[in-house]
Amino acid sequence: MTVTATTVALDTVVEAGDGALVTVPAGGRLQIVDLHGNQAVDTLFYDAHDIDNRYSAFDTIREQRAVFLTTGSRLVSTRRDELAVITDDTCGRHDTVGGACSQESNVIRYGEFTRHQHACRQTFLRYGAKVGIGQRQLTHNVNFFMNVPVTSSGGLTFEDGLSAPGKYVELTASRDLFVLISNCPQVNNPCNGWNPTPIQLLGWW
Amino acid sequence: MIAHAHEIPGDAAWSAPVRAGRTITLTALADGANASMLIIGADRLDRLNIPDTLKSQMSARIKPGMVLMSDRGLALATVTASSLDWHDCLTGAFPSRLLLLELIKHGFGETDLHACINFFSKVAVADDPRASLAFIPDHAHAGDTVTLRADQDLLIFISTAPHPLSDEPAASVAVQLETPANVKDPDLRDEAVRALRLTRELIG
């Protein structure tokens, strides 16, 4: 589905493995609901008037001096402009180090048999094309509801989620945004509890 | 055989093509050096992908024995040796002005900015609920080195601006490109071996 949100409210379900492109105006609030629990929602943010001004995972991490995202986290761009703020979060923490799955990274991680399994970056390219987001415009995303512990010894793993049915995260747009979402289809690691499920998007603006 | 040697002064940027098989050795010329690096692969589209590099090798830092992977699951370079076992890759480079100018020289632009490696810098992670970060000021010393082997033809972009969380002055970094007889693969995880094999099969 593609949502060009000129309505006052958004209320839609994104099926497991599907995606969405949502235009959220400055001040708009977008809530992502993990309907069944432990569902990674891979998300990218772009300034709707200049898509080169896009989300930067590692500038965001540096600016908040912490790896995990939660309420109060400012999502900043490569220019260090604030794109959105996490204004509510009943899950507690979200990843932005792990990136999105792709057919090619699945092959590296799990083997050749995964080559033709659907992957998040296919969804990003499919839904992003409409507004000029292609391969060059993809960047490192947020994984809402995903649990990627990073440790003091420099280790990193993908683990079972901390989320549960009905947990949600709410973002408030700091400027007009394209929010590009892939409801992750990954079945080879625990990021979706081995079973991808639908999510709900709710918007107020 | 040393093919090319260059000294990048502090707070400057440099870029160069590096042919497959050559090695790139960076040497810190003063304490507290930082070398932020971007990498673009042979086809001028496929870029360094830090998340894929980290998750496939279960690491939140860059260290010897890791393959630096591209967006499309290919090996860009292998970290064959380093006097340090922790190079930051979680906190980016800001401002990106120096790197951006080098990208533009090669026909790229802001669209091609991607997560960099901050060689010689360490940002420690705390085992607290948010994985808080703290810059480690005395991590690198004059003489510290890191060596990469190019696993395909690369463009590399290096900025010697101080790490964005550092209060220390900028330091110069020496770059040496060599054409070695043969660089054996270090001990690698299976995922890294797969990336190298695919790269050799497809564009080797």
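Calculation rules
- Residues numbered from 1 in each chain as written.
- Chains lettered and ligands numbered in written order.
- Predicted model: local features only at pLDDT ≥ 70, side-chain atom pairs only at ≥ 80, totals over all residues.
- Heavy atoms only, no water.
- Helix = DSSP H or I, 4+ residues; strand = E, 2+ residues; numbered from the N terminus.
- Rg over C-alpha atoms; globule rule 2.2 N^0.38 Å.
- Contact = heavy atoms within 4.5 Å.
- Areas by Shrake-Rupley, 256 points an atom, 1.4 Å probe, with all protein chains shown as cover.
- Lys, Arg positive; Asp, Glu negative; His and termini not counted.
- Charge placed at Lys NZ, Arg CZ, Asp CG, Glu CD.
- Pairing = 2+ DSSP bridges.
- Axes fitted to C-alpha atoms, helices over the stretch in contact; angles between N-to-C directions.
- UniProt positions renumbered as here; feature names shortened; annotations may be inferred.
- Parallel < 35°, antiparallel > 145°, perpendicular 65-115°, else oblique.
- Left-handed = near helix turned anticlockwise from the far one by under 90°.
- Nonpolar A, V, L, I, M, F, W, Y, C, P; charged D, E, K, R; others polar.
- Salt bridge = Lys/Arg side-chain N within 4 Å of Asp/Glu carboxyl O.
- Buried < 20%, exposed > 50% of the residue type's maximum accessible area, 1.4 Å probe, protein only.
- Buried area = accessible area lost by both parts, 1.4 Å probe.
- Polar contact = N/O pair within 3.5 Å; in protein donor to acceptor, adjacent residues only side chain to side chain.

Enquirer: So what's going on with the overall build of chain A? Which residues, and what values?
Expert: Tallying secondary structure elements over chain A gives three helices and 11 strands in all. When the helices and strands of chain A are read in sequence order from the N terminus, they spell out β-β-β-β-β-α-β-β-α-α-β-β-β-β. Its C-alpha atoms give chain A a radius of gyration of 15 Å, within 12% of the compact-globule value 17 Å for 205 residues. With respect to the principal axes defined by its C-alpha atoms, chain A has extents near 40 × 35 × 35 Å. Of the contacts formed within chain A by residues at least 6 apart in sequence, a portion of 73% connects residues at least 24 apart. Of the roughly 6700 Å² of accessible surface on chain A, a fraction of 51% belongs to carbon and sulfur atoms. With 16 positive and 21 negative side-chain charges, chain A shows a spacing of 5 Å between the two charge centroids.

Enquirer: If you had to explain the sheet that holds strand S10 (residues 145-150) of chain B to someone new, which residues and values would you point to?
Expert: Residues and elements named next belong to chain B. Spatially, S1-S12-S3-S10-S6-S5 is the arrangement adopted by the six strands of the open sheet, whose pairing is antiparallel. Each edge of the sheet is formed by a strand with only one pairing partner; in this case those strands are strand S1 (2-8) and strand S5 (66-69). Geometrically, the sheet is characterised by an average inter-axis angle of 20° between neighbouring strands, direction not taken into account. Sheet topology note: the strand S6 (residues 75-82)/S10 ladder contains five bridges and is antiparallel. Within the sheet, the bridge partner assigned to Ser82 lies in S10 and is Val146.

Enquirer: Talk me through the environment of Leu133 of chain B; I want residue IDs and the actual numbers.
Expert: If you trace the backbone, Leu133 of chain B turns up in strand S9 (residues 133-135). When sequence neighbours within four positions are dropped, the list of residues in contact with Leu133 of chain B reads Ile61, Arg65, Ala66 and Val67 of chain A together with Thr91, Val123, Ala124 and Val125 of chain B.

Enquirer: Give me the UniProt feature "domain: DUF1989" (unreviewed entry) in chain B: which residues, what numbers.
Expert: Residues and elements named next belong to chain B. UniProt's entry tags residues 7-93 and 99-155 with the feature "domain: DUF1989" (unreviewed entry), counted in the numbering of this structure. Structurally, residues 7-93 comprises 9% helix and 37% strand, and the distance from its first C-alpha atom to its last is 20 Å. Taken end to end, residues 99-155 is 12% helix and 30% strand, and its two terminal C-alpha atoms sit 12 Å from one another.

Enquirer: Explain the packing of helix H2 (residues 103-110) of chain A against helix H1 (residues 50-57) of chain B to me, and be specific about the residues and the numbers.
Expert: H1 of chain B packs onto H2 of chain A with a crossing angle of 20° between their chain directions and a minimal axis gap of 10 Å. By the criterion of interaxial angle, the relationship of H2 of chain A to H1 of chain B is roughly parallel. Considering only the axes of H2 of chain A and H1 of chain B, their crossing is right-handed. Counted together, Ser105, Ile108 and Arg109 of chain A of H2 of chain A and Asp52, Lys55 and Ser56 of chain B of H1 of chain B form the full contact between these two elements. Counted by class, the contact of H2 of chain A with H1 of chain B contains one nonpolar, two polar and three charged residues.

Enquirer: Help me get a handle on the pattern of salt bridges, residues and values and all.
Expert: In total, this model carries 24 salt bridges over all chains according to the counting rule given. Arg126 of chain A serves as the salt-bridge partner of Asp18 of chain A, at 3.8 Å between the closest nitrogen and oxygen. A residue pair is termed long-range when its members are at least 10 positions apart, and Asp18 of chain A in the loop between strand S1 (9-14) and strand S2 (19-24) and Arg126 of chain A in helix H3 (residues 120-128) qualify at 108 residues. Residue class for Asp18 of chain A comes out buried when judged on its relative accessible area of 19%. Its salt-bridge partner being Arg189 of chain B, residue Glu191 of chain B comes within 3.0 Å of it at the nearest N-O pair. In this structure Arg189 of chain B comes out as partly exposed when scored by relative accessible area, which is 35%. One connected set of salt bridges, linked through shared partners, spans Asp59, Arg62, Glu63 and Arg80 of chain A.

Enquirer: I'd like to hear about the interface of chain A and chain B, residue by residue, with values.
Expert: Between chain A and chain B, the contact holds 47 residues from the first and 47 residues from the second. Among the residues of chain A in contact with chain B, Arg62, Ile108 and Arg136 of chain A are the three that bury the most area, contributing 18% of the side total. Note that Asp112 of chain B and Arg136 of chain A form a salt bridge whose closest N and O atoms lie 2.5 Å from each other. Put simply, chain A and chain B have 25 residue pairs in polar contact (both at pLDDT 80 or more) between them. The set of elements that each furnish at least two residues to the side of chain A that touches chain B consists of strand S5 (50-54), helix H1 (57-64) and H2 of chain A. Looking at the side of chain A that touches chain B residue by residue, the classes come out as 15 nonpolar, 18 polar and 14 charged.

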